Amino acid sequence: MVLHTLELLKKEVPLEEESLCISEDIKTGLVLVDIINGFCTIGAGNLAPREPNHQISEMVDESVKLSRIFCENKWPVLAFLDTHQPGKLEHPYPSHCLADSHESNLVPALEWLEKEPNVTIRRKDCYDGYIGSIQEDGSNAFADWVKTNDIQLLLVAGICTDICVLDFVCSTLSARNRGFLAPLEDVVVYSHGCATFDFPESDARGTKDALAHPQEIMHHMGLYMAKGRGAKIAKHVSFGGLKK
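Residues numbered from 1 in each chain as written. Predicted model: local features only at pLDDT ≥ 70, side-chain atom pairs only at ≥ 80, totals over all residues. Heavy atoms only, no water.

- In the annotation of an unreviewed UniProt entry, the entry for the protein chain reads Isochorismatase-like domain-containing protein, and the organism field reads Lactuca virosa.

Overview of the overall build of the protein chain
Then, in step 1: A count of helices and strands for the protein chain gives seven helices and eight strands.
Then, in step 2: On C-alpha atoms alone, the protein chain measures out to a radius of gyration of 17 Å, which is about the 18 Å that the 2.2 N^0.38 rule sets for 244 residues.
Then, in step 3: Projected onto the principal axes, the alpha-carbon positions of the protein chain cover approximately 50 × 45 × 35 Å.
Then, in step 4: Here the protein chain holds 244 residues, and 49% of them are scored as buried.
Then, in step 5: Residue pairs in contact within the protein chain that sit at least 24 positions apart in sequence constitute 74% of those at least 6 positions apart.
Then, in step 6: Of the side chains in the protein chain, 23 bear a positive and 35 a negative charge, and the two mean positions are spaced by 2 Å. (Helix = DSSP H or I, 4+ residues; strand = E, 2+ residues; numbered from the N terminus. Rg over C-alpha atoms; globule rule 2.2 N^0.38 Å. Buried < 20%, exposed > 50% of the residue type's maximum accessible area, 1.4 Å probe, protein only. Contact = heavy atoms within 4.5 Å. Lys, Arg positive; Asp, Glu negative; His and termini not counted. Charge placed at Lys NZ, Arg CZ, Asp CG, Glu CD.)

Section: the environment of Tyr130
Then, in step 1: Tracing the sequence through the fold places Tyr130 in the loop between strand E4 (119–124) and helix H4 (141–148).
Then, in step 2: By relative accessible area, Tyr130 is classed as buried at 13%.

A short note on the pattern of salt bridges
Then, in step 1: Summed over the entire model, instances satisfying the criterion amount to four salt bridges.
Then, in step 2: One salt bridge in this structure joins Glu62 and Lys65, with 3.3 Å as the shortest N-O distance. Taken together, the residues Glu62 and Lys65, both in helix H3 (residues 54–72) and three residues apart, mark about one turn of the helix.
Then, in step 3: Here Glu62 falls in the buried class, since its relative accessible area comes to 10%.
Then, in step 4: Overall, Lys65 belongs to the partly exposed group, its relative accessible area being 44%.
Then, in step 5: Note that Asp186 and Lys232 form a salt bridge whose closest N and O atoms lie 3.6 Å from each other. (Salt bridge = Lys/Arg side-chain N within 4 Å of Asp/Glu carboxyl O.)

Things to note about helix H5 (residues 164–177)
Then, in step 1: For H5, built from 14 residues, the straight-helix expectation of 20 Å at 1.5 Å per residue is met to within 8% by its first-to-last C-alpha distance of 20 Å.
Then, in step 2: H5 sits mainly inside the fold: 10 of its 14 residues count as buried.
Then, in step 3: Buried within H5 we find Cys164, Val165, Leu166, Phe168, Val169, Cys170, Ser171, Thr172, Leu173 and Ala175.
Then, in step 4: A positive phi of about 85° marks Gly179, the residue just after H5. (Expected span 1.5 Å × (residues − 1).)

Some remarks on the nonpolar core
One recurring pattern in soluble globular proteins: nonpolar side chains tend to sit buried together.
Then, in step 1: Phe142, Leu154, Leu155, Phe168 and Val169 are the most contacted members of the largest nonpolar core, which totals 68 residues.
Then, in step 2: Beyond its immediate stretch of four places on either side in the chain, Val169 contacts Val156, Val187, Val189, Ala226 and Ala231. (Core = buried A, V, L, I, M, F, W, Y, C linked by side-chain atoms within 4.5 Å.)

Description of the layout of surface pockets
Then, in step 1: The space that makes up the second largest pocket amounts to roughly 300 Å³.
Then, in step 2: Lining the second largest pocket are 15 residues; nearest its centre among them are Lys10, Glu17, His192, His219 and Leu223.
Then, in step 3: Mapped by element, the contributors of at least two residues to the lining of the second largest pocket are helix H1 (2–12), H3, strand E6 (186–195) and helix H7 (215–228).
Then, in step 4: Counting residues per element, the lining of the second largest pocket draws most heavily on H7, at four residues.
Then, in step 5: For the lining of the second largest pocket, the per-class residue count stands at four nonpolar, six polar and five charged. (1 Å grid on protein atoms, 1.4 Å probe; cavity = no way out; pocket = protein on both sides within 12 Å on 5 of 7 lines; lining within 4 Å. Points joined across faces, edges and corners; volume = space filled by probe spheres on them. Nonpolar A, V, L, I, M, F, W, Y, C, P; charged D, E, K, R; others polar.)

Section: unusual backbone geometry
Then, in step 1: Cis geometry marks the peptide bond from Ile159 to Cys160; its omega dihedral reads 0°.
Then, in step 2: Note that Cys160 resides in the loop between strand E5 (153–159) and H5.
Then, in step 3: A cis amide bond links Ala182 to the next residue, Pro183, at an omega of 15°.
Then, in step 4: Examined against the element boundaries, Pro183 turns out to sit in the loop between H5 and E6.
Then, in step 5: In this structure, Lys74 takes a positive phi of about 60° despite not being glycine.
Then, in step 6: A positive phi angle, close to 70°, is found at Asp100, a residue other than glycine.

Examining empty space enclosed by the protein
Then, in step 1: Here the structure, examined in full by the defined rule, presents one cavity of 30 Å³ or more.
Then, in step 2: The wall of the largest cavity is formed by His84, Gln85, Gly87, Lys88, Leu89, Glu90, Pro94, Ser95, His96 and Leu98.
Then, in step 3: For the lining of the largest cavity, a count of residues per class yields three nonpolar, five polar and two charged.

Some points on H7
Three- or four-residue spacings in an α-helix give side chains the same orientation, since the helix completes a turn every 3.6 residues.
Then, in step 1: The first and last C-alpha atoms of H7 sit 20 Å apart over 14 residues, in line with the 20 Å expected at 1.5 Å per residue.
Then, in step 2: Turning to H7, its buried residues are Gln215, Ile217, His219, His220, Gly222, Leu223 and Ala226.
Then, in step 3: Backbone geometry just after H7 places Gly230 at a positive phi near 120°.

Given below as structure tokens:
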């Protein structure tokens, strides 16, 4: 049933993806959204997968590949980590990724990023990394990162495609359009480097305030909505002609 619905959806709202070739001529930054235990590691928390999930595993693997290439070339990387204070919930989701917990830390495959000099770690307490980067003095840590590194192209990967990734991309595009993020020109979402969660209607029916969330359908819609806001969607990312 879900596969049939997905096929109909892709027919009615087709998503054209492209190939991205990254060269040294264009200053490129990589943003990793919430690739943390609480969303990606089996059994790590209320919103973590309960069993192996191919889409999430692929997202982690692709993000690791990208991160290694960016770090080898000393290109800028920013990793958002969803981190909340106790008692401050994000309705309708249960408590998750509390500060100082294992849930709010990078997945084991990416822990090494914390020691890389070209990597910036930014903890956020809301869906949207752009909003979560606003500091007490009114400055924006993400905007400062873009400007300091003269980033022209932003490559985005992470979880969830239709929630935190989408919200961040939409705010970033709006800020770019208003001239707040110069010299940023393009925002590219890497489809295989993104994932979302699966919560079938049968489970949602018995959970208060919960909404059904079929993974493949919502992943497609997240990418579709991002493209509709002005992002480019890349199915392949290459460096020097090598597909990664």
